[in-house]
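Here's the letter readout for the chains.
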Amino acid sequence: MNRSSHTILLLSTCFLTLFSCQQQREVTNESSTTQTLTISDGGIKTLALEDGVNFEVLTALKLSTVNNKEYITFYDRITHSIYLYDYQTNDLFKKISMEKDGPNAVKNASKFFIHTIDSIFVDGSMGIHLINSKGEVLTKKSKGAKLHNGMPLITSDSKFYRFHPDSRFKNGHIEMVISQMRRDSKNHEYAIFNFEKDSIIEEFVQTEEIINNFGEIQKVQEEANERRESAYSINRFFTSNENYLYSSNSISDSLFLFKEGKLAKAIYAGVPTIKIANYSDYSTLQIIERYDNGSRAFENPKQPPHYKSMLLSPDGRFIYRVLHHGTKPKFLEGEEKPIPNPLGATLIVMDTETEALNYYDLPVGEIDLPLYFENSLFVSNEGIFFRVKDQQNEDQVQFRFFKVTQ
């Protein structure tokens, strides 16, 4: 079975000055780029799945450390369970099943992180649940949302706080990203959540700090709405370690480094020979066809270059980005519509200590590069793992490993 397609401003003078400095840093960083690492094909890693697990969709996929031991972890919606696989042996270590109904229910677990084996934070549709290794709910929080009859109140200005791949529990706080249906350049992208008090205590990272010309982006979105069309949102990427927060987005060659909530600098982390899409072109990644009784969304078969991800190795040494070179339409016999055929992809590995960039041409015919990319790859201290494209065996999940050595 083939793996199914995933469907679904004006700036102040101060910021212009900052952006000018960022551009200068980018040029300096680019000109000093050197190849200092060896990136090689490490073969296939295979995890055997139990009956009922949907091998096509493993959400919240990441490498987690529990009691100084590394595990590949993910959530499966069908079994409503969290799985931990021993990273070294590939054996299933633990399955944590959760209730779907009743007072002990956890509604959705598509984002979670493991603090300890008996302190697992689950970011569900009804708030954050703290569960133990038996799937029992220890406590739950609303993420500071206003409630009506137990349900969060949602308006066009509502903010949605959610985990990112490196969210962690420290000193009673959890770092989270912010989503909004309607946003302007001065809105914030990142928040600190006090778990005990069930409240947001700080917000920082203004949208204009990580996305340039946001006014132009809003204009494209408004024009699409007037045509009753959809403009695909810019993906924001966040990753962090004990000292720094890094951010990037799907149409920027820059990484933005924040220290103590303040933008410290921008770092060039792109491919000089490939021009990234402007938002007008990027906004068409997904096409929505509307009918009298509904609608259907599908990937645009012709896509421009854009970035798919940004991940930090567990030891904080390397940042990984995936540059998708774009696609061209490919027609398959018997299919009504063309599908996107990748033109290429580049793995970019940045050394966080030296800011040196390293490149590797990925085999796009052999690894999965879906529209929604977050659940198709993870990183370890050894390298990066991608889902194998068009995997046939439903009883396992396969990853293509690319090893990074100094």
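Residues numbered from 1 in each chain as written. Predicted model: local features only at pLDDT ≥ 70, side-chain atom pairs only at ≥ 80, totals over all residues. Heavy atoms only, no water.

*Asks:* Would you mind showing me how to read the sheet that holds strand S1 (residues 38-48) here?
*Replies:* In any sheet, the strands associate via hydrogen bonds between backbone groups, in a parallel or an antiparallel arrangement. The sheet built from four strands is open, its strands ordered S1-S31-S30-S29 with antiparallel pairing. Two strands lie at the open edges of the sheet, namely S1 and strand S29 (377-379), each paired on one side alone. The mean angle between the axes of side-by-side strands here comes to 20°, regardless of whether they run parallel or antiparallel. (Pairing = 2+ DSSP bridges. Helix = DSSP H or I, 4+ residues; strand = E, 2+ residues; numbered from the N terminus. Axes fitted to C-alpha atoms, helices over the stretch in contact; angles between N-to-C directions.)

*Asks:* Can you help me understand the sheet that holds strand S3 (residues 69-76) in this one?
*Replies:* Pairing is antiparallel in the open sheet, where four strands are placed in the order S2-S3-S4-S5. Bordering the open sheet on either side are strand S2 (59-66) and strand S5 (92-97), each of which pairs with just one other strand. If you compare each strand with its neighbour and ignore which way they point, the axes differ by 20° on average. With six bridges connecting them, S3 and strand S4 (residues 81-86) associate as antiparallel partners. If you follow Thr-73 over to S4, its bridge partner there is Leu-84.

*Asks:* Honestly, the pairing of strand S30 (residues 383-387) in this entry has me stumped. Any pointers?
*Replies:* For a regular strand, side-chain orientation follows a simple rule: the groups alternate between the two sheet faces. The element S30 is largely enclosed, with a buried count of five among its five residues. Bridge count between S29 and S30: three bridges; the pairing is antiparallel. Each residue of the ladder has a partner; that of Val-379, found in S30, is Ile-384. Counting the residues that bridge the hairpin from S29 to S30 gives three residues. Bridging between S30 and strand S31 (residues 396-405) involves five bridges; their strand directions are antiparallel. When the bridges of S31 are listed, Phe-386 appears paired with Arg-400. (Buried < 20%, exposed > 50% of the residue type's maximum accessible area, 1.4 Å probe, protein only.)

*Asks:* Before we go on, may I ask you to explain the packing of aromatic side chains in this structure?
*Replies:* Aromatic ring pairs are defined here through the distance separating the ring centres and the angle between the ring planes. Tallied over the full model, the rule gives 21 aromatic pairs. Arranged with centres 4.9 Å apart and planes meeting at 25°, the rings of Phe-121 and Phe-169 form a pair that is stacked. Taken as a pair, Phe-121 in strand S7 (residues 119-124) and Phe-169 in strand S13 (residues 169-170) lie far apart in primary sequence, 48 residues in all. Here a set of aromatic residues connected by ring pairs shows up, and it is made of Phe-113, Phe-121, Phe-163, Phe-169, Phe-193 and Phe-195. When the ring centre of Phe-195 is taken as reference, the NZ or CZ atom of Lys-141 above it lies at 5.5 Å. If you follow Arg-321 out to its NZ or CZ, it ends over the ring of Tyr-307, 3.7 Å from the centre. (Phe/Tyr/Trp six-rings, centres within 6.5 Å; stacked < 30°, edge-to-face > 60°. Lys NZ or Arg CZ within 6 Å of the ring centre and 35° of its normal.)

*Asks:* Looking at this model, I keep getting lost on the nonpolar core. Mind explaining?
*Replies:* One finds Val-205, Tyr-279 and Tyr-282 to be the most contacted residues of the largest nonpolar core, which totals 44 residues. Counting 21 residues, the second largest nonpolar core, distinct from the first, contains Tyr-320, Ala-345, Leu-362 and Leu-369. (Core = buried A, V, L, I, M, F, W, Y, C linked by side-chain atoms within 4.5 Å.)

*Asks:* Help me understand unusual backbone geometry, please; the structure alone is not making it clear to me.
*Replies:* Excluding glycine, a negative phi dihedral is what most residues carry, and trans is how most peptide bonds are arranged. Even without being a glycine, Asn-108 presents a positive backbone phi close to 75°. Locating Asn-108 in the fold gives a position in the loop between S5 and strand S6 (111-116). Positive phi, normally seen in glycine, also occurs at Glu-355, with a value near 65°.

*Asks:* Explain the environment of Arg-227 to me, please; I cannot follow it from the model alone.
*Replies:* Secondary-structure assignment places Arg-227 in the loop between helix H3 (214-226) and strand S17 (236-240). Classification of Arg-227 by relative accessible area gives partly exposed; the value is 49%. Here the side chain of Arg-227 touches Glu-229 through a polar contact of 3.0 Å, side chain to side chain. (Polar contact = N/O pair within 3.5 Å; in protein donor to acceptor, adjacent residues only side chain to side chain.)

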